[in-house]
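Inside the fold
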Amino acid sequence: MCDSCAAAVEATTHEAEQRGGPSRRGLIAGMGLGLGLSAAGLLTGATTAFAATAKNGRWANPALGYFPAGGHYGASRGGAAHAGQDVSNSTGTGVYAAAAGTVVRRSWGGGLTGRTGNALVISHGSGQYTYYGHLSAYRVALNATVAAGQRIADMGATGNVTGPHLHFETHTGGLGVTSNPVTFMTARGVDLGGGWPRIDPGASGRTVVVIQYLMTQRGYGLVADGQYGSVSSDAVKRFQKAKGLVADGQVGPATWPHLVHTLRQGGSGSHVRALQNALNKRSAGLAVDGTFGTVTTSAVRTYQVVNRLVSDGEAGPVTWRALVG
């Protein structure tokens, strides 16, 4: 875990605003998240009848691993408080963008007081930032535009640490104004501990496309437009009721295990399209053709190796949970 990464009081900065950074909706539109999808709904941000929810599919788990003892937000660091949450795993484990945004810092400690090691800072607009520390390698450039779930770096042990891990911070209200990353991400439907995500009606994006393809494979015939509107929500509620679940339309830890399929080479169908979209969210770059051939098998194995999962090329519940988390 971090021996430093202390939350020193800093002057609040607004780098994205000073640079004329785009809004989150503008970033999403500009990145073309609709690759292989029906682009209209994803790129226009069509409105829905649902109330706004933070569990909107726009956030993703930045890394897989475990929480080390003493690596929690607020832990004592020589008279200061730990500014983030540590997630431990092996050097080289994939690190992913928690949400769409722009890389505004790529330097030792991210230029922030009390931090050490190779670091990235991503601006998500509206005064929200995420910080990724102790990296062994960068996979994006300064000023790059990134998508939620895109691989941006490799976990490492650079700087003042006791072992390899990701030091992850969330900043709200300006860079330097930290919040508890676990509760921040939980409010946005993401379990930093590696659990299934929670996606509410009104959400949009690639994870919604995954849900829609999985629902189609289950016989509900949804259009994979990336918009979790009333048609998709009503179908999910019917599915939940049929499975004896609470029919609230939220695709969460109770619903995902009933929705996913264990897939392996030779399979085909909408559930394979769902898998290919989930892999593409994690930077696989697959053609979404619904056929589980050698290329998709290789992509599954690569993802499993990079994230320290059992590398069998089979997409079972553990791999699915990591992909969509």
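Before going into details, it helps to say that this report is about the structure given with it. (Residues numbered from 1 in each chain as written. Predicted model: local features only at pLDDT ≥ 70, side-chain atom pairs only at ≥ 80, totals over all residues. Heavy atoms only, no water.)

**Description of the overall build of the protein**
- A count of helices and strands for the protein gives ten helices and eleven strands.
- Across the 325 residues in the protein, those meeting the buried criterion constitute 55%.
- Counting contacts in the protein only where the partners sit at least 6 residues apart, residues at least 24 apart contribute 64% of the total.
- Of the roughly 12200 Å² that the protein leaves accessible, carbon and sulfur atoms contribute 53%. (Helix = DSSP H or I, 4+ residues; strand = E, 2+ residues; numbered from the N terminus. Buried < 20%, exposed > 50% of the residue type's maximum accessible area, 1.4 Å probe, protein only. Contact = heavy atoms within 4.5 Å. Areas by Shrake-Rupley, 256 points an atom, 1.4 Å probe, with all protein chains shown as cover.)

**Description of the packing of helix H8 (residues 270–281) against helix H9 (residues 294–306)**
- Running from N to C, H8 and H9 cross one another at 45°; their axes reach a closest spacing of 11 Å. If you check the angle between H8 and H9, you find them oblique. Judged by the sense of rotation from one axis to the other, the crossing of H8 with H9 is left-handed. In this structure, H8 uses Leu275, Gln276 and Leu279 to contact H9, whose residues at the interface are Thr296, Ala299, Val300 and Tyr303.
- For the contact of H8 with H9, the per-class residue count stands at five nonpolar, two polar and no charged. (Axes fitted to C-alpha atoms, helices over the stretch in contact; angles between N-to-C directions. Parallel < 35°, antiparallel > 145°, perpendicular 65-115°, else oblique. Left-handed = near helix turned anticlockwise from the far one by under 90°. Nonpolar A, V, L, I, M, F, W, Y, C, P; charged D, E, K, R; others polar.)

**A few points about the packing of helix H5 (residues 206–217) against H8**
- One way to put it is that H5 packs onto H8 with a least axis distance of 7 Å and a crossing angle of 165°. The orientation of H5 with respect to H8, classified from their angle, is roughly antiparallel. Crossing of H5 over H8 shows left-handed handedness. Mapping the contact onto sequence places Arg206, Thr207, Val209, Val210, Tyr213, Leu214, Thr216 and Gln217 in H5 and Ser270, His271, Arg273, Ala274, Asn277, Ala278, Asn280 and Lys281 in H8.
- In terms of residue class, the contact of H5 with H8 is made up of six nonpolar, seven polar and three charged.

**Re unusual backbone geometry**
- Backbone geometry places Ser126, a non-glycine residue, at a positive phi of 55°.
- Residue classification places Ser126 among the exposed residues on the basis of a relative accessible area of 73%.
- For Arg308, which is not glycine, the phi torsion reads 60° and is therefore positive.
- Along the chain, Arg308 falls in the loop between H9 and helix H10 (317–324).

**Notes on the nonpolar core**
- The biggest cluster of nonpolar side chains holds 39 residues, and the ones touching the most others in it are Trp256, Leu275 and Trp320.
- Counting only elements with at least two residues in this core, the list comes to H5, helix H6 (230–242), helix H7 (256–259), H8, H9 and H10.
- Residue contacts for Trp256: discarding those within four places in its chain leaves Trp196, Pro197, Ile199, Thr207, Val210, Ile211, Leu214, Val251 and Val324.
- Ranked by size, the runner-up nonpolar core spans 23 residues in total, among them Val140, Phe168, Phe184 and Met185. (Core = buried A, V, L, I, M, F, W, Y, C linked by side-chain atoms within 4.5 Å.)

**A short note on the packing of aromatic side chains**
- In the structure shown here, the tally under the stated rule is five aromatic pairs.
- Centroid distance Trp196 to Trp256: 5.8 Å. Interplanar angle 10°. Geometry classified as stacked. With Trp196 in the loop between helix H4 (181–187) and H5 and Trp256 in helix H7, this pair connects stretches of sequence that are 60 residues apart. Neither residue differs from the other here; Trp196 and Trp256 are each classed as buried. (Phe/Tyr/Trp six-rings, centres within 6.5 Å; stacked < 30°, edge-to-face > 60°.)

**Points about the side chain of Asp154**
- With respect to the helices and strands, Asp154 occurs in strand E9 (residues 151–155).
- Of the polar contacts made by the side chain of Asp154, one reaches the side chain of Arg139; its length is 2.7 Å.
- Sequence-distant contacts of Asp154, that is, excluding residues within four places in its chain, are made with Gly92, Thr93, Val95, Leu135, Ser136, Ala137 and Arg139. (Polar contact = N/O pair within 3.5 Å; in protein donor to acceptor, adjacent residues only side chain to side chain.)

**Some words on the pattern of salt bridges**
- The final tally for this structure, using the stated rule, is four salt bridges.
- In this structure, the salt-bridge partner of Asp154 is Arg139, at a minimum N-O distance of 2.7 Å. Of this pair, Asp154 sits in strand E9 while Arg139 sits in the loop between strand E7 (128–138) and strand E8 (145–146); the two residues are 15 residues apart in sequence, bridging distant segments of the chain.
- Classification of Asp154 as buried rests on a relative accessible area of 8%.
- Taken together, the shared-partner salt bridges in this structure form one network comprising Arg139, Arg151 and Asp154. (Salt bridge = Lys/Arg side-chain N within 4 Å of Asp/Glu carboxyl O.)

**Topic: H5**
- Compared with an ideal rise of 1.5 Å per residue, which puts twelve residues at 16 Å, H5 spans 17 Å between its outermost C-alpha atoms and is within 8% of the ideal.
- For H5, the tally of buried residues reaches ten of twelve residues, placing the bulk of the element in the interior.
- Within H5 the residues assigned to the buried category are Arg206, Thr207, Val208, Val209, Val210, Ile211, Gln212, Tyr213, Leu214 and Met215.
- The secondary structure elements touched by the buried residues of H5 are H6, H7, H8 and H10.
- Gly219 sits one or two residues past H5 and shows a positive phi near 100°. (Expected span 1.5 Å × (residues − 1).)

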